[in-house]
Every structure is written in C-alpha cells, then in structure tokens.
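A closer look at the structure
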Amino acid sequence: MEVTILGKSPSWQDVDGACSGYLVEEDGARVLLDCGNGVFAKLRRYRDYSSVDAVVISHLHADHFLDLVPFSYALTYGPRAQAAGADRPRPVLHAPEGATETFRRVVGAWGGEDLVESAFDLQEYRPDDVVHVGPLTARFRLVPHFTRTHAVDFRSALEGAGRLTYGADSGPSDALCEFARDTDLLIVEATLPEPEPEGPRGHMTAAEAGEHGRRADARRLVLTHLTDELDADRARAEAERTFGGPVEIAREGATYAVP
Ligand SMILES: [Zn+2]
Ligand SMILES: [Zn+2]
C-alpha cells in the first residue's frame, strides 16, 4: 500500500499548498482520502483524476471536502466526460451521514444542487460500515471534533500488505489510540501550538499527537493538519519526545510505502 500526501494544511492553505488530501493506492486501486480546498489541482499533478476509483471523506468541514466541487465539474463538463457521455467515470464517493444534504446546500447556493451526487456515486456511510475498494478495506471510528468526524483505517486483502490509519481531525481520544493499535503508519493531526484554552477539545498539539502514536504502538508516525505558519522543527521535536522515536511532518508530494 502506498499513500501520497496531496495536502496537509489545516483549514487555510499553506503557501502554494492544499488542505487535507491523501492518495491511497494498492494494486491498481486508487482512493482519495479527503478532498479539501486545493486538493484537486494537487491530485492532477500526480494522477489522472478520472482514474480515481473512490473518494472517502472523513467529515463535513470545508477543508476536507470543498474540492469535491471542482472535481465534480471536471467529471461532468471536462472534455473527456463530454466525449464519453453516459460512459464517463463516476467514482464512488463515501461520505458521512448527512453529506447529501450538505453538498446540496453548498452547491445549491449558485447552481444545480445535484452537482456532486450526479458526478459521483454518492454513498453515505455510518461509523460501523465497512467500505471496499479493490483489495482495500476501510473502517471508521468516531473521534472528538466539532462535527461528526471519522478516523479511517485502511487494510488490504493482499498478503504482506500494510495498514494505514488516519486520525482525521481529532481532539485527544482514547478511541483513536485503540482504533490505531499496532498500525504500520498513523497519520495524525497536530494542529495546535497549545491546547485549546477552554471549551471542548477538537484538535491536538504535536506533543499530544506523539503521545497518541506511542499509546497506539504505531510503527511510524506522520503529523499533519499543521500550518506552515508554525515551526515544523519544534512540532517534530515535541512529538518525538512523547512518541519516543522519529516522527515525520507531512510534506506535500511525499509518498509512504506501508509497511
Ligand atoms: Zn481540518
Ligand atoms: Zn475539521
């Protein structure tokens, strides 16, 4: 299994960057995990968008789904789509419950509200559902955030294949540690320089991200959802201290082979 970072910014983009987007590939199967603002152009840098088999959205915040809008336009009005007519690719879009209504409200503000559900085969998932794409199996776990949010775990049916766990956006979470137990690669958010001073937790610091990696016994840890306005070296050092080993900061274009 391979994962390529297409975007790692939090809810506003880094310079020349993109919000959340990860390309997960295994034996020809291609899944786009989250599709935040800026991700569609990055996807095009590395792959043909019409070759994406499925998109999985962790939660319905703009920085995790907004580029479904240009992706839908390309699938609907791009020259190849126009030439293919009814035979054009229509990737499966796995999104949380309520997604259909959310997408209709967003694109309905200026045009046909069915843009996204027409471009994609939209399927709403529940936390205990299991999604299959080729040899890949995705499972979900609710994590604490400001809207209904799912960590996503990818396994493969192929022998010797690795396992990838994505924490999505999350505050500190025992459930995430348990869900990610013994994973080969944990991509975990490290949005904050300091914990939120008050109110419910919905994000983590780098030190907390490292601690989650250690508690999950993850083999490899990558921090993401970290703005370029913060010091990446400091975040890495804080996470390595609590993780107890080397930690990487997500970098656009980086590809990780799992395991
Ligand atoms: Zn986010
Ligand atoms: Zn979020």
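All values derive from a computational prediction rather than experimental measurement. Residue numbering note: each chain is counted from 1, following its sequence as written. Chain letters and ligand numbers both follow the written order, the letters beginning at A and the numbers at 1. Where totals are concerned, whole chains, interfaces and linings use all residues; where local detail is concerned, this predicted model gives features only for residues with pLDDT of at least 70, and gives and counts side-chain atom pairs only at 80 or more. As a convention, hydrogens and water are excluded, and side-chain values are obtained from all of the structure's heavy atoms.

Here we look at the overall build of the protein chain
The numbering of helices and of strands both runs from the N terminus, where a helix is a DSSP run of H or I of at least 4 residues and a strand a run of E of at least 2. The secondary structure content of the protein chain amounts to nine helices and 14 strands. Overall, the C-alpha framework of the protein chain stretches about 55 × 45 × 35 Å when taken along its three principal axes. Of the contacts formed within the protein chain by residues at least 6 apart in sequence, a portion of 61% connects residues at least 24 apart. Charged side chains of the protein chain number 27 positive and 43 negative; the gap between the two group centres comes to 2 Å. Here, two residues are considered to be in contact whenever any of their heavy atoms come within 4.5 Å of each other. Under this rule, positive means Lys or Arg and negative means Asp or Glu; His and the chain ends count for nothing. Charge coordinates come from a single atom per side chain, which is NZ of Lys, CZ of Arg, CG of Asp or CD of Glu.

Remarks on the coordination of the zinc ion (ligand 2)
Here the zinc ion (ligand 2) is held by H59 (NE2), H61 (ND1), H145 (NE2) and D169 (OD), and the distances to it run 2.1 to 2.4 Å. For Na, K and Ca the donor cutoff is 3.2 Å, while for all other metals N, O and S atoms count as donors only within 2.8 Å; water does not appear among the atoms, so some sites may look incomplete. Any site counts as irregular unless it has four donors with all angles between 85 and 135 degrees, making it tetrahedral, or four or six donors with opposite ones more than 155 degrees apart and the rest between 65 and 115, making it square planar or octahedral. For the zinc ion (ligand 2), the four donor atoms are set out with angles of 92 to 165 degrees between them, so the coordination reads as irregular. Sequence spacing of the donors to the zinc ion (ligand 2): H-x1-H-x83-H-x23-D. Here the zinc ion (ligand 2) and the zinc ion (ligand 1) are spaced 3.5 Å apart, and both take D169 as a donor. Placement of the pair is H145 in the loop between strand 8 (136-143) and strand 9 (149-156) and D169 in the loop between strand 10 (164-166) and helix 7 (174-179), with a sequence separation of 24 residues.

Regarding the state of the cysteines
Criterion for a disulfide: a pair of cysteine sulfur atoms at a distance within 2.5 Å. The tally for this structure, following the rule as stated, stands at zero disulfides. Just so you know, C35 is unpaired, no disulfide at all, and the nearest cysteine sulfur is the one on C19, 11 Å from it.

A short note on the sheet that holds strand 9
Strand pairing in a sheet is mediated by backbone hydrogen bonds. Such pairs are either parallel or antiparallel. Strand order across the open sheet formed by seven strands is 7-8-9-10-11-12-13, with mixed pairing between neighbours. The outermost strands of the open sheet, each flanked by one partner alone, are strand 7 (130-133) and strand 13 (248-249). At least two DSSP bridges between two strands are needed for those strands to be called paired. Sheet topology places strand 7 next to strand 8; four bridges connect them, and they run antiparallel. Looking at the pairing, V131 lines up with A138 of strand 8. Orientation is described by axes fitted as lines to C-alpha atoms, over the contacting stretch for helices, and by angles from 0 to 180 degrees between their N-to-C directions. Packing against the sheet, helix 8 (residues 206-216) makes contact with strand 11 (185-189) and strand 12 (220-224), and its axis sits at approximately 155 degrees to strand 12.

A look at the coordination of the zinc ion (ligand 1)
Within the protein, D63 (OD), H64 (NE2), D169 (OD) and H225 (NE2) serve as the donor atoms for the zinc ion (ligand 1), at 2.1 to 2.2 Å. Between the four donor atoms coordinating the zinc ion (ligand 1), the angles at the centre fall across 92 to 159 degrees, so the site counts as irregular. For the zinc ion (ligand 1), the donor residues sit on a single chain with the sequence spacing D-H-x104-D-x55-H. We classify H64 as buried; its relative accessible area is 0%. Accessible area is worked out with a 1.4 Å probe on protein chains only. A residue is then buried under 20% of its type maximum, exposed over 50%, and partly exposed in between. A relative accessible area of 2% places D169 in the buried class.

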